[in-house]
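# Topology and contacts: notes
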Amino acid sequence: MTVSCATYTCELRNRPQPERIDPKRLALFLRRRHPVGTAGEVAACTGIPVRTVQSYLASTPSVPSALSLIRLISAYGPDVLVELMPVPPRWLDSAWRDHQRAQVEDELQRAEDALARLRLEERPHV
């Protein structure tokens, strides 16, 4: 495809596209997140129609639209972007690490809360 603008013409078809999204990687990511009922689960989490999600999971998957990508990021955080980008930029790697840290801290807090509840429920053995 040739793009022209006033005095400048650019040939696009043979240029490398390192930032291009690999839809097969998206399908793998979604299947890992939701191994059972993938399309329905992703649709429920993102608000993307089930048929659209099914197109992401097909044998020749389609690339998500910008709106769908925003919904995926909103639902899955930086994890989905890290998965889709061949070489994530530094800011994204930092955001991903912060997100992972927050998830682990939340998990640790839930475990501590559960342990505290168990301690409150302990009764002396008779």
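What you see is a predicted model, and the numbers here were worked out from it, not measured in a lab.

## Describing the environment of Leu-69
In this fold, Leu-69 is placed in helix α4 (residues 66–76). Residues Leu-69 and Val-80, eleven residues apart in the sequence, show an inter-C-alpha distance of 9.0 Å. Residues contacting Leu-69, with those up to four places away along its chain left out, are Ile-21, Pro-64 and Leu-84.

## Concerning helix α1 (residues 23–33)
What α1 keeps buried is the set Pro-23, Leu-26, Ala-27, Phe-29 and Leu-30. For α1, the angular spread of buried residues about the axis comes to 160°, placing them on one side. Pointing more than 90 degrees away from the buried face of α1 are the exposed residues Lys-24 and Arg-32. For α1, the secondary structure elements touched by its buried residues are α2 (38–46), α3 (50–57), α4 and α5 (78–84).

About the criteria used
- Residues numbered from 1 in each chain as written.
- Predicted model: local features only at pLDDT ≥ 70, side-chain atom pairs only at ≥ 80, totals over all residues.
- Heavy atoms only, no water.
- Helix = DSSP H or I, 4+ residues; strand = E, 2+ residues; numbered from the N terminus.
- Contact = heavy atoms within 4.5 Å.
- Buried < 20%, exposed > 50% of the residue type's maximum accessible area, 1.4 Å probe, protein only.
- Arc of directions from axis to C-beta.

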